[in-house]
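Observations on chain architecture
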Amino acid sequence: MPKRVLEGFDALVLKLARRLDSSRRYKKVKEQVRSLLNDPDNPYRKVVDFTIIFFIVSSVAILIYEVKEPIPKWLEFYDLYIVSFVFLVEYLLRLWVSSDMASEIIREYDEAAFVGRKFHVRKALLRGLKKKLAYMVTPAAIVDLMAIFPAYRPLRVLRIFILFRFLKILRYTRSINQFVDVLANKRFELLTLLFLLLFVVLTGAIAIYVLEETHNENIRNLFDAVYWSLVTISTVGYGDISPVTHGGRVIAMIIIIFGIAMISFATSVIVSAFSEKLNELKEERVVEEVNKSDEFLIICGYGQMTKMFFRQAEASEYNYIILDKDPQRVQEAIHDGYNAIVDDASRHATLTRFNLKGSKVTLLCMSHDDVENIYITLNAKSIDPRIRVIARASSPAIVKKYERAGVDHILLPNEMASTMMEVAILKPIMYKAVYAIFTGKSLALLDEVKIYEHSSLKGQKIGDVDFHSFKLVLVGVQKKESGEFIFNPPDDVTLERGDVLLVMGHRASIEYFREISCLDARECKA
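Residues numbered from 1 in each chain as written. Predicted model: local features only at pLDDT ≥ 70, side-chain atom pairs only at ≥ 80, totals over all residues. Heavy atoms only, no water.

Observations concerning the pairing of strand β5 (residues 388-392)
- Most of β5 sits inside the fold, with four of its five residues counted as buried.
- Judged from the four bridges that link them, strand β4 (residues 360-365) and β5 form a sheet pairing that is parallel. The partner of Cys365 across the bridge, within β5, is Ala391.
- Handedness of the crossover joining β4 and β5 through helix α17 (residues 370-383): right-handed.
- Sheet topology places β5 next to strand β6 (residues 409-411); three bridges connect them, and they run parallel. Counted as the bridge partner of Ala391 is Ile410 from β6.
- Handedness of the β-α-β unit built from β5, helix α18 (residues 399-405) and β6 comes out right-handed. (Buried < 20%, exposed > 50% of the residue type's maximum accessible area, 1.4 Å probe, protein only. Helix = DSSP H or I, 4+ residues; strand = E, 2+ residues; numbered from the N terminus. Pairing = 2+ DSSP bridges. Right-handed = clockwise from strand over helix to strand, strands pointing away.)

Okay, structure coming up:
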């Protein structure tokens, strides 16, 4: 069915909507504004938060100051125009990014064209306005709107709306937001307690009003009775209203007992909620610290191999985090002084908490369960194939499955242990030498030296490099292009970018050789 030709207001609105929807610059600016106002991970969010908090605090300070002292003209100008203008702009920006009017108009036009009915631009505008209105009636938006009203100074009563500016701190202060979230998570328990409180207060108020209205001159109406009941159940007890009859005193004792019980219940609910939230906050802080690093390890499972890894002196140089599903093992890791959180690395949402694409990440799968290690590997590689995965395998029979999952390096601790045991029995001298080299208990160390783009070794042949002058022994070369490891390579092998030399010697010799061969210090540290 051919599309209807639009004219007049409908055509103008549709043309404007299409222009906005197709404009990359418009969408980019809107997304940047939305991120700046709502995304806590935005790098400029803190600047916005501190700026708004400064305007809020200064405005409230001016309100307090002018109660007894006249304020200077420039300070009044600042409060009436600058602060109010900033809050107005902020409110309009939040209203702008709350929904997209252009997409509503285009959707309405496409639906009308598809079914062959008349395009109603007013229907699309009304639907878009409803979404804007839905945002405007949210508590946060109402506070933002009320915070603008003090700009009209002739009405002195509007100055009290400056207090709404103080409420805006709830949006910009993270700790207060977390406190509100804790209470929101326990809203069922707290609402139950509130209804019980209202029931007891009203029951006690009616009882004391009936029993003491003719005997107590301080209880003249039902409001006085409600006031007394609320003050009594809260255990405040101002003493301005006291029961004078025996029945009234009995009611007071019952209300006091209920008050103590409800305060204890409310305290236990809030404390348990904060205890749960505190663990979450600690874990979030650990994740944030790790994400600040350009390179870090994610260690899945706190078992014997993880403990052996941290016994090495160089392990402390890595930025890392330990993930384990078992809370007891996590508590053991924390007790041992390591950064650990309770989480399941096989879940997609778990690994997305980390800055996997912006950092160089190595994933260590140290679980005893091969299926779990393979699931973790598949999860990590689906997020970013560049993640280097080192996994523990229980036997050589399952190595092929690990390779198909994308594991970069496979560890076989059982096979390695049996091999080392055989060497220790048959060739004890060689065992001592190998053990000393790998544990760093001898002068001779094995280490890797990578050939970078700006390395002096790039393009040279093995025979042209004087390893003897550095007091080093060249064990082999790992070629980047072919992936082949050449043991004791011949002199005519040319070194290229990405190749890795395996050398043995003193630590100081290896570090000096690495420093001399790399012409770009930043590249060497990468």
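Considering the side chain of Ser99
- Structurally, Ser99 is set in the loop between α4 (73-97) and α5 (101-115).
- We classify Ser99 as buried; its relative accessible area is 11%.
- Filtering out sequence-adjacent residues up to four positions away, Ser99 remains in contact with Lys30, Gly128, Lys131 and Lys132. (Contact = heavy atoms within 4.5 Å.)

Things to note about the sheet that holds strand β8 (residues 472-478)
- Read from one edge to the other, the open sheet built from four strands follows the order β7-β10-β8-β9, with strand pairing classed as antiparallel. The strands lining the two open edges of the sheet, one partner per strand, are β7 (445-450) and β9 (485-487). The sheet shows a mean angle of 30° between the axes of neighbouring strands, direction not considered.
- Looking at chain direction, β8 and strand β10 (residues 500-505) are connected through six bridges and run antiparallel. The partner of Val473 across the bridge, within β10, is Met504. (Axes fitted to C-alpha atoms, helices over the stretch in contact; angles between N-to-C directions.)

Some details on unusual backbone geometry
- Here Lys471, not a glycine, exhibits a phi torsion of approximately 60°, which is positive.
- Structurally, Lys471 is set in the loop between β7 and β8.

A closer look at the packing of helix α12 (residues 222-233) against helix α13 (residues 246-291)
- Two elements in contact, α12 and α13, have axes separated by 8 Å at closest approach and are oriented at 50°. Of the possible angle classes, the one that applies to α12 and α13 is oblique. Where α12 abuts α13, its residues Trp228, Ser229, Thr232 and Ile233 lie against Gly248, Ile251, Ala252, Ile255, Ile256, Phe258, Gly259, Met262 and Ile263.
- Residue composition of the contact of α12 with α13, by class: nine nonpolar, four polar and no charged. (Parallel < 35°, antiparallel > 145°, perpendicular 65-115°, else oblique. Nonpolar A, V, L, I, M, F, W, Y, C, P; charged D, E, K, R; others polar.)

Looking at the sheet that holds strand β3 (residues 340-342)
- Spatially, β3-β2-β1-β4-β5-β6 is the arrangement adopted by the six strands of the open sheet, whose pairing is parallel. Looking at the sheet topology across the chains shown, the edges are occupied by β3 and β6. Each strand of the sheet is rotated relative to its neighbour by a mean of 20°, with strand direction disregarded.
- Contacts between helix α15 (residues 327-335) and the sheet are confined to β2 (320-324) and β3, with β3 contributing the most and set at about 165° to the helix.
- Seen against the sheet, α17 touches β1 (295-300), β4 and β5 and runs at an angle of roughly 165° to β4.

A look at the environment of Val473
- Note that Val473 resides in strand β8.
- Along the chain, Val473 and Leu502 lie 29 residues apart, while their C-alpha atoms are 8.7 Å from each other.
- When near neighbours in sequence (up to four residues on either side) are disregarded, Val473 contacts Leu502, Val503 and Met504.

Focus: a nonpolar patch on the surface
- On the surface, Phe85, Leu88, Val89 and Leu92 cluster together into a nonpolar patch covering about 350 Å² of accessible area.
- The residue Leu92 is located in helix α4 in this model.
- Taking relative accessible area as the criterion, Leu92 reaches 47% and is therefore assigned partly exposed. (Patch = residues over 30% accessible without salt bridge, like charges linked within 9 Å, V, L, I, M, F, W, Y side chains within 5 Å. Areas by Shrake-Rupley, 256 points an atom, 1.4 Å probe, with all protein chains shown as cover. Salt bridge = Lys/Arg side-chain N within 4 Å of Asp/Glu carboxyl O.)

Quick word on the packing of aromatic side chains
- One pass over the structure, following the stated rule, counts 12 aromatic pairs.
- Geometrically, the ring pair formed by Phe467 and Phe513 is tilted, given 5.7 Å between the ring centres and 45° between the ring planes. On the criterion of sequence distance, the pair formed by Phe467 in the loop between β7 and β8 and Phe513 in helix α21 (residues 507-517) is long-range, its members being 46 residues apart. We note that Phe467, like Phe513, is buried.
- Here Phe470 and Phe513 contribute two aromatic rings whose centre-to-centre distance is 5.0 Å and whose plane-to-plane angle is 75°, an arrangement assigned as edge-to-face. Taken together, the residues span a long stretch of sequence, with Phe470 in the loop between β7 and β8 and Phe513 in helix α21 at a distance of 43 residues. You'll find Phe470 and Phe513 in the same group, each marked buried. (Phe/Tyr/Trp six-rings, centres within 6.5 Å; stacked < 30°, edge-to-face > 60°.)

A word on the nonpolar core
- In this structure, Ile298, Ile321, Phe354, Leu356 and Leu363 are the most contacted members of the largest nonpolar core, which totals 27 residues.
- The set of elements that each furnish at least two residues to this core consists of α13, β1, β2, β4, α17, β5 and α18.
- When residues in this core are grouped by element, the largest group, four residues, is from α17.
- Apart from the residues within four sequence positions on either side, Ile298 is in contact with Ile321, Leu323, Leu351, Phe354, Leu356, Val361, Thr362, Leu363 and Leu364.
- Counting residues in hydrophobic clusters, the runner-up holds 17 residues, among them Val449, Val477, Val493 and Phe513. (Core = buried A, V, L, I, M, F, W, Y, C linked by side-chain atoms within 4.5 Å.)

Side note on the packing of α5 against helix α6 (residues 121-136)
- One way to put it is that α5 packs onto α6 with a least axis distance of 8 Å and a crossing angle of 145°. Where α5 crosses over α6, the handedness of that crossing is right-handed. On α6, the residues touching Met101, Glu104, Ile105, Arg107 and Glu108 of α5 are Lys123, Ala124, Leu125, Arg127, Gly128, Leu129 and Lys131.
- Class assignment of the residues belonging to the contact of α5 with α6 gives a composition of five nonpolar, one polar and six charged. (Left-handed = near helix turned anticlockwise from the far one by under 90°.)

Remarks on the pattern of salt bridges
- Throughout the structure, instances matching the rule amount to 25 salt bridges.
- For Lys27, the salt bridge identified is with Asp21, shortest N-O distance 3.8 Å.
- In this structure, Arg497 and Glu453 form a salt bridge, with 3.1 Å as the shortest nitrogen-oxygen distance. Taken together, the residues span a long stretch of sequence, with Arg497 in the loop between β9 and β10 and Glu453 in the loop between β7 and β8 at a distance of 44 residues.

Function-wise, these values are silent; they only describe arrangement.
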